[in-house]
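# Observations on chain architecture
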Amino acid sequence: MATLLLFLPLLLAALSLATSRRAWLENLNTLGAVVVAGLGFGLAARVAHGGVVWGLGDRLYLDALSAFEVAIAVGVGFAVQLYARGYMGRELDEGRFPPQKLKRFYALVNLYLFAFLLVCLANNLGAVWIAIEGTTLATAFLVAFYNGDSAIEAAWKYFLLCTVGISLALMGVLLLYFSARHLPGPTALNLDWSWLASHARALDPRVLKLAFVFTLIGYGTKVGLAPMHTWLPDAHSEAPSPVSALLSGMLLNGAMYGVIRAHALVVRCVGEGFSNHLLVGFGLLSIVVAVPFVLWQRDVKRLLAYSSVEHMGIVSLGLGFGGPLGITGALLHTLYHSLLKTGMFFSAGNLVLKYHTRDLQTTRGALRALPLTGPAVLLGAFAIAGAPPFGLFFSEFTILMAGFSTGQWGASLVLLAALGLVFAGLVSHFARVGLGERPEGLATGETSHWTTAPLLGLMAIAAVTGLYLPPPVLHLMGAIVGIVRGVGS
């Protein structure tokens, strides 16, 4: 099943390029998204109930951490495919791009999904590095999809910065391999996670520490951790809204997955102190850097992009605080951020389709103009800002508890202050968008049921999971805490 899940997106990409009729293309990708989501959730449930799943001999490896990321990815991917059917169809009807580019869009989305699933499923950390670079290549073309000057500039900035980052991560992978050079056994296994996790205590600690520094900075560029985050606002603002949702709801998680794997090896080898301090430092910097850009922002998609910088900083901070509370908080934050931020980019896309602008100062009266998207925007703003009873409130509260309980009062107080400022900024921005008078001549009504149904579905799931998580999800998260703390495989 793992092999089928991995290669099905490749088949969908090939079929998309070979399909000439728009209706067939859209139906193919909708059906494909349903099958991929079913396979992904089925595999995650299998791991939750039965432990590690292998595929292609020992080349594919699905443990609790992989299953958690796969479940988020296929869920977000399914929602994006549905939303794209309405959003890209509307853009095509309005002449934003030629008809032949639509199949290229779907092919690139499926190639990206293949690369992301390979990140989560590959046992070999060298293959994970290749797959993370693959996600960059696929999404760079999606960022530049409209071929405008600003879109091409944003795509080049994204590609160049992430390539520099991935080059640093490659040095981390090579140093990781070097740290195991003295161990007996086939050297071909020296980058297999399953082998490294069981031999971590015998790795060279000095080399491993250096490997983690390169890995954190390298993959941290793709995560959007400050000061390596500068590609992120440009890429989000210029990409089509479904692509922005993929970047924020999935891509950032894939790079953080690479950081977590390296962090878990360092914890096994030298204990929690070294890598935890680095994660706390980069996390705090990202949160602090994001705050002023959230407060004084006029572009709705750039606003959400800087919010992603802040939230990935919170995930890093939770991992750095460590312990069951910190790691659990980071996992919860990853889940809720993926759901809510994907929904918020859907909301932003609906606003752009309706108002034909990303300017927050001129977007008013959404509650009247968009009877479904308008309320979703306001509720989503409170949710993404961390208001109770939404899930991000509980994840942030858990991370704060972890910080205070481990004696890291300074970092915890900075986080608390930043959360208050970001809450004020996000709610004030989106309150002005929702309230006020509708522009004269602007008709009332949603643009398409394909752009509203995924949005409302994600918001409903985020609301329910904020209050109740199914036992398999809790079981996966408990197993991941063991993996990160070095007491599980």
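Here, the structure is the one placed above.
Our subject in this report is the structure included herewith. Quick caveat, the model's predicted, so the values are computed rather than measured.

## Some thoughts on the overall build of the chain
- Looking only at helices and strands, the chain has 19 helices and two strands in total.
- Looking at the 489 residues of the chain, the share that counts as buried comes to 62%.
- Partitioning the contacts of the chain with sequence separation of at least 6, the portion at a separation of at least 24 is 79%.
- For the chain, the computed accessible surface area is about 17000 Å², with 70% contributed by carbon and sulfur atoms.
- Distance between charge centroids for the chain: 3 Å, based on 29 positive and 22 negative side chains.

## Some thoughts on the layout of surface pockets
- Roughly 640 Å³ of internal volume is contained in the largest pocket.
- Taken together, the elements giving at least two residues each to the lining of the largest pocket come down to helix H2 (22–50), helix H3 (64–93), helix H13 (323–355), helix H18 (449–467) and helix H19 (471–485).
- Top element by residues in the lining of the largest pocket is H3. It accounts for eight residues.
- For the lining of the largest pocket, a count of residues per class yields 25 nonpolar, four polar and no charged.
- Of the volumes computed, that of the second largest pocket is approximately 300 Å³.
- Forming the walls of the second largest pocket are 13 residues, and the residues nearest its centre are Ala 140, Phe 141, Ala 144, Ala 155 and Trp 156.
- Of the residues in the lining of the second largest pocket, the class split is 10 nonpolar, one polar and two charged.

## Description of helix H10 (residues 241–270)
- With 30 residues, H10 extends 43 Å between its outermost C-alpha atoms, agreeing within 8% with the 44 Å of an ideal straight helix rising 1.5 Å per residue.
- H10 sits mainly inside the fold: 29 of its 30 residues count as buried.
- Looking one or two residues beyond H10, the residue adopting positive phi is Gly 271, at roughly 95°.

## Things to note about unusual backbone geometry
- For the bond running from Ala 226 to Pro 227, omega is 5°, close enough to zero to count as cis.
- Assignment of secondary structure puts Pro 227 in the loop between helix H8 (205–223) and helix H9 (231–238).
- In this structure, Pro 389 follows Pro 388 across a cis peptide bond, with omega equal to 10°.
- Within the secondary structure, Pro 389 is located in the loop between helix H15 (373–384) and helix H16 (391–405).
- Even without a glycine there, the phi angle at Asn 147 is positive, about 65°.
- Tracing the sequence through the fold places Asn 147 in the loop between helix H5 (125–143) and helix H6 (149–179).

## Considering H8
- In this model H8 runs 25 Å from its N-terminal to its C-terminal C-alpha over 19 residues, within 8% of the 27 Å that 1.5 Å per residue would give.
- Listed as buried for H8 are Val 207, Leu 208, Ala 211, Phe 212, Thr 215, Leu 216, Gly 218, Tyr 219, Gly 220, Thr 221, Lys 222 and Val 223.
- Buried residues along H8 sit in contact with H5, H6, H9, H10, helix H11 (273–295) and helix H12 (300–321).
- The backbone nitrogen of Arg 206 lies 3.1 Å from a side-chain oxygen of the residue at the head of H8, namely Asp 204.

## Notes on the pattern of salt bridges
- Counted by the stated rule, this structure contains 16 salt bridges.
- The salt bridge partner of Arg 261 is Asp 63, with a shortest N-O separation of 2.8 Å. On the criterion of sequence distance, the pair formed by Arg 261 in helix H10 and Asp 63 in the loop between strand S2 (60–62) and H3 is long-range, its members being 198 residues apart.
- On the accessibility criterion, Arg 261 (3% relative accessible area) is buried.
- The exposure class of Asp 63 is buried, given its relative accessible area of 1%.
- Connected via shared salt-bridge partners are Arg 22, Glu 26, Arg 85 and Asp 93.

## Things to note about the side chain of His 333
- Position of His 333 relative to the elements: it lies in helix H13.
- Look past the residues within four positions of His 333 in its chain and what remains in contact with it is His 311, Ile 314, Val 315, Leu 392, Ser 395, Glu 396 and Ile 399.

## Points about the packing of H16 against helix H17 (residues 409–434)
- Between H16 and H17, the shortest axis-to-axis distance is 8 Å and the interhelical angle comes to 155°. With respect to their mutual orientation, H16 and H17 come out roughly antiparallel. The two elements H16 and H17 meet at a crossing, and its hand is left-handed. Residues Glu 396, Ile 399, Leu 400, Gly 403 and Phe 404 of H16 form the contact with H17, whose participating residues are Trp 409, Ser 412, Leu 413, Leu 415, Leu 416 and Leu 419.
- Partitioned by chemical class, the residues of the contact of H16 with H17 number eight nonpolar, two polar and one charged.

So, how was this worked out
- Residues numbered from 1 in each chain as written.
- Predicted model: local features only at pLDDT ≥ 70, side-chain atom pairs only at ≥ 80, totals over all residues.
- Heavy atoms only, no water.
- Helix = DSSP H or I, 4+ residues; strand = E, 2+ residues; numbered from the N terminus.
- Buried < 20%, exposed > 50% of the residue type's maximum accessible area, 1.4 Å probe, protein only.
- Contact = heavy atoms within 4.5 Å.
- Areas by Shrake-Rupley, 256 points an atom, 1.4 Å probe, with all protein chains shown as cover.
- Lys, Arg positive; Asp, Glu negative; His and termini not counted.
- Charge placed at Lys NZ, Arg CZ, Asp CG, Glu CD.
- 1 Å grid on protein atoms, 1.4 Å probe; cavity = no way out; pocket = protein on both sides within 12 Å on 5 of 7 lines; lining within 4 Å.
- Points joined across faces, edges and corners; volume = space filled by probe spheres on them.
- Nonpolar A, V, L, I, M, F, W, Y, C, P; charged D, E, K, R; others polar.
- Expected span 1.5 Å × (residues − 1).
- Polar contact = N/O pair within 3.5 Å; in protein donor to acceptor, adjacent residues only side chain to side chain.
- Salt bridge = Lys/Arg side-chain N within 4 Å of Asp/Glu carboxyl O.
- Axes fitted to C-alpha atoms, helices over the stretch in contact; angles between N-to-C directions.
- Parallel < 35°, antiparallel > 145°, perpendicular 65-115°, else oblique.
- Left-handed = near helix turned anticlockwise from the far one by under 90°.

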